[in-house]
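Structural characterization, general
Take a look at the letters that make up each chain.
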Amino acid sequence: MAGGISGCADMSGIRPTAELRDASSLGLGAGAGVGAQSTDSVSPQWWRAFGDESLDRLIDQALQASPSLKLAEARLARARAVTEVADAATLPQINGQLDATRQRYTAHGAVPPPLAGTILNSGTAQLSASWELDFFGKNRAALDAALGSAHAAEADAQAARVLLASNVARTYFQLVRLNEQAQVARRTLAQREETLKLVQDRVRAGLDTRLELNQSEGGLPEARLQLETLHEQMALARNALAALVGQPNSPVAQNLPALAAIKNVAFEPVIPADLLGRRADIAAARWRVEASGKDVVNAKTQFYPNINLVAFAGFSSIGLGRLLDAGSQQWGVGPALRLPVFDAGRLRANLRGKTADLDAAVESYNAAVIDAVRDVADQVASTQAIARQQTEQRAAQRAAESAYDIALQRYNAGLGTYLNVLTAETSVLAQRRSAVDLGARALDTQVALMRALGGGYQSASSPTARDATQGATKLVAARAGNTRAASSFDLK
């Protein structure tokens, strides 16, 4: 019957082509993991695990004052308002009308005497009601599409929170790293000043030449340059941190902790891959697939007739004095049917556009999932590599410190020169710089991994990762007329 009453409009041959990627196509079979933490989820306040109160305060300030979060919240409010508009279309509409007009009626028109050629007042007071009988689900599909967009906006807002918190943490740890590198650089400068003094004494004693003196003098500007470069980088990092917390040109993080005082977050050997489904960006992409699918449904219902119930009741009269008389009553009720017959291809073009939007949403979802798998794999690989590098670096630092101790003992015993001591200390300082870099990289990678695992994203409106993806896959299959069993993106 629906095909018969759809007139000349034809939707055949228009269907989506994109399909959601399943777990097997991503190399993630049943029970697969991507290599780290086996907890059920990341804490929504994951940064507190580092045990740094200054970092906690900075992130709290950023989450309260950031313009980027305010922008995401405004977009969410707008999406919810669109949902309310779509919901209103599913309900009856009632309007009131009150008109009062002073009019001259033409003497040579359809108005008969004695009205013809006279000037009279006329008035209308009535209520009108209409209700579109949504037999084909047009309004419901529009509502579902708006709900999907609202859920996507909610997930986007949460993604913005996770990204902001991780950026604050990573910038803070970068500032801590630069501060410790500056301490090593100051010790390097002091060492080179001591070396220069020692070489000057040896030159005066005839034990060294001008060559050694010039080499020692050249080391001082180099050390000062390194220290000034670190000071510049610290100033830029502080500016970036102040902007992130919404307090530009304000002194932030003045009392930085030692790198060793910051706790490392422990990770177990295997991360269940289903944690990827708890990323806000993946949830937003999945909701956009749902919304685009409902837009396709809505576009298809445009091919079917609109059936409305229309009613009105009120008063109408010529002459305001008799407007409320019983004889001025008027009312009416009845159905209204509007059927597309010929629209020059407008409905088909609209359906093709919505179908293309669905394909784009599916491919965006696929891209988000692929990027999430790569992101987690990268952070896991870096975490494991940094752990191995730290093991080797600690061994190299122990050897350098041992050589330094031996050189110092030989100097105290009169068996070696102090220049040998300073040379040995150069190796120790280089290893300390390496230790600072690796320690800061370890913290930065832990932050990046927690962000990659969703950063504690939680939403009451989001179904589980399996149900969400399976529902989206079924939606695409239904739109394409595919009767095969829909695959699910079950990463667990």
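Note that the structure is a prediction, hence the values are computed from the model and not measured. (Residues numbered from 1 in each chain as written. Predicted model: local features only at pLDDT ≥ 70, side-chain atom pairs only at ≥ 80, totals over all residues. Heavy atoms only, no water.)

1. Digging into the overall build of the chain
Heads up, the condition is: A helix here means a DSSP run of H or I that spans at least four residues, while a strand means a run of E at least two residues long, and both kinds are numbered starting from the N terminus. Burial classes: relative accessible area under 20% of the type maximum marks a residue as buried, over 50% as exposed, and values in between as partly exposed (1.4 Å probe, protein chains only). Note that accessible areas follow from Shrake-Rupley with a 1.4 Å probe, and for residues the cover is restricted to the protein chains shown.
Regarding its fold elements, the chain presents nine helices and four strands. Ordered by position in the sequence, the α and β elements of the chain form the string α-α-α-β-β-α-α-α-β-β-α-α-α. Each of the 492 residues in the chain was classed as buried or not, and the buried ones make up 39%. Of the roughly 25,700 Å² of accessible surface on the chain, a fraction of 54% belongs to carbon and sulfur atoms.

2. Examining the nonpolar core
Which entries qualify depends on this criterion: Here the nonpolar core consists of buried residues drawn from Ala, Val, Leu, Ile, Met, Phe, Trp, Tyr and Cys, with membership extended through side-chain atoms lying within 4.5 Å. The contact definition used throughout considers only heavy atoms, calling two residues in contact when any of these lie within 4.5 Å.
Counting 49 residues, the largest nonpolar core has Trp 46, Phe 50, Tyr 172 and Phe 173 as the members making the most contacts within it. Mapped onto this core, the elements with two or more residues apiece are helix H2 (53–65), helix H4 (138–204), helix H5 (210–244), helix H7 (346–412) and helix H8 (418–452). Per-element tally for this core: the top contributor is H4, with 14 residues. The contact partners of Phe 173, leaving out residues within four places of it in the chain, are Phe 50, Leu 55, Ile 262, Ala 440, Leu 443, Asp 444 and Val 447. The next biggest cluster of nonpolar side chains, apart from the first, holds 18 residues, and it includes Ala 18, Leu 347, Leu 351 and Tyr 365.

3. Some details on the side chain of Ser 66
Within the fold, Ser 66 resides in the loop between H2 and helix H3 (67–88). Here Ser 66 falls in the buried class, since its relative accessible area comes to 4%. Sequence-distant contacts of Ser 66, defined by excluding residues within four places in its chain, comprise Leu 164 and Leu 244.

4. Regarding the side chain of Ser 292
Within the secondary structure, Ser 292 sits in helix H6 (residues 280–301). If sequence neighbours within four positions are ignored, Ser 292 has contacts with Asp 357, Leu 358 and Ala 361.

5. Here's the deal with the environment of Ala 89
As for its placement among the helices and strands, Ala 89 is situated in the loop between H3 and strand E1 (93–104). Taking the relative accessible area as the measure of exposure, Ala 89 reaches 36% and is therefore partly exposed. Between the C-alpha atoms of Ala 89 and Trp 131, which are 42 residues apart in sequence, the distance is 8.7 Å.

6. So, the environment of Tyr 404
One can find Tyr 404 in helix H7. Separated by 19 residues in sequence, Tyr 404 and Thr 423 place their C-alpha atoms 8.4 Å apart.

7. Describing the packing of H3 against H4
The cut-off we apply is this: For every element, the axis is a line fit to its C-alpha atoms; helices are fit only across the contacting stretch, and the angle between N-to-C directions ranges from 0 to 180 degrees. Angular relationships are summarised with four words: roughly parallel below 35 degrees, roughly antiparallel beyond 145, roughly perpendicular across 65 to 115, and oblique for the angles in between.
Running from amino to carboxyl end, H3 crosses H4 at an angle of 170 degrees, the nearest separation of the two axes being 8 Å. Considering their axes alone, H3 and H4 lie roughly antiparallel with respect to each other. Contact with H3, carried on its side by Leu 69, Ala 72, Arg 75, Leu 76, Ala 79, Arg 80, Val 82, Thr 83, Ala 86 and Asp 87, involves Ala 142, Leu 143, Ala 146, Leu 147, Ser 149, Ala 150, Ala 153, Glu 154, Ala 157, Ala 160, Arg 161 and Leu 164 of H4 and no other residues of that element.

8. Quick look at the packing of H4 against H6
What counts here: Left-handed describes a crossing whose near helix is turned anticlockwise from the far helix through less than a right angle; right-handed describes the clockwise counterpart. Classification convention: Asp, Glu, Lys, Arg as charged; Ala, Val, Leu, Ile, Met, Phe, Trp, Tyr, Cys, Pro as nonpolar; all other residues, Gly among them, as polar.
Remark: H4 packs on H6, axes separated minimally by 8 Å, with the N-to-C direction vectors making an angle of 165 degrees. Judged by the angle between their axes, H4 and H6 are roughly antiparallel. Both H4 and H6 take part in a crossing whose hand is left-handed. Classifying every residue of the contact of H4 with H6 gives 12 nonpolar, six polar and seven charged.

9. Observations regarding the confidence of the model for the chain
Worth spelling out the cut-off: Scored from 0 to 100, pLDDT reflects the predictor's confidence in each residue.
Chain-level pLDDT for the chain is 81 on average; 85% of the residues reach the 70-or-more range. Contacts for the low-pLDDT stretch residues 1–7, under 50 throughout, to residues beyond four places or in other chains number 11 contacts. Under a pLDDT of 50 for its full length, residues 30–39 has, in the predicted model, 37 contacts with residues more than four places off or in other chains.

10. Overview of the environment of Phe 135
Note on placement: Phe 135 falls in the loop between strand E2 (119–132) and H4. Take Phe 135: its relative accessible area is 58%, and that puts it in the exposed class.

11. With respect to the sheet that holds E1
The test is simple: Being paired, for any two strands, means DSSP has found at least two bridges between them.
Spatial strand order, E1-E2-E3-E4: four strands in an open sheet with antiparallel pairing. Either end of the sheet is taken by a strand with one partner, and the two such strands are E1 and strand E4 (329–338). Across the sheet, the mean angle from the axis of one strand to that of its neighbour is 20 degrees, orientation sign disregarded.

12. A few points about the pattern of salt bridges
Convention followed: For this analysis, a salt bridge means a side-chain nitrogen from Lys or Arg found within 4 Å of a carboxyl oxygen belonging to Asp or Glu.
Counting across every chain of the model gives 17 salt bridges. The shortest N-O distance in the salt bridge between Arg 286 and Glu 290 comes to 3.0 Å. Within this pair, Arg 286 and its partner Glu 290 are both found in helix H6, separated by four residues, close to a single helical turn. One exposure class covers both Arg 286 and Glu 290, and it is buried. Between Arg 451 and Asp 375 there is a salt bridge; the shortest N-O distance is 3.0 Å.

13. Notes on H2
For clarity, the cut-off: For a helix, the expected span equals 1.5 Å multiplied by the residue count minus one. Arc definition: directions from the helix axis to the C-beta atoms. For this analysis, a polar contact is any N or O atom pair within 3.5 Å, provided that within protein one partner can donate a hydrogen and the other can accept it, and provided that sequence-adjacent residues contribute only side-chain to side-chain pairs.
Compared with an ideal rise of 1.5 Å per residue, which puts 13 residues at 18 Å, H2 spans 18 Å between its outermost C-alpha atoms and is within 8% of the ideal. Buried residues of H2: Leu 55, Asp 56, Leu 58, Ile 59, Ala 62 and Leu 63, and no others. In a view along the axis of H2, the buried residues occupy a sector of 165 degrees, so they form one face of it. The exposed set on the far side of H2, more than 90 degrees from its buried face, consists of Glu 53 and Gln 64. Among the structural elements, H3, H4 and H5 are those in contact with the buried residues of H2. Two or three places before Ser 54, at the start of H2, stands the capping residue Asp 52, its side-chain oxygen 2.9 Å from that residue's backbone nitrogen.

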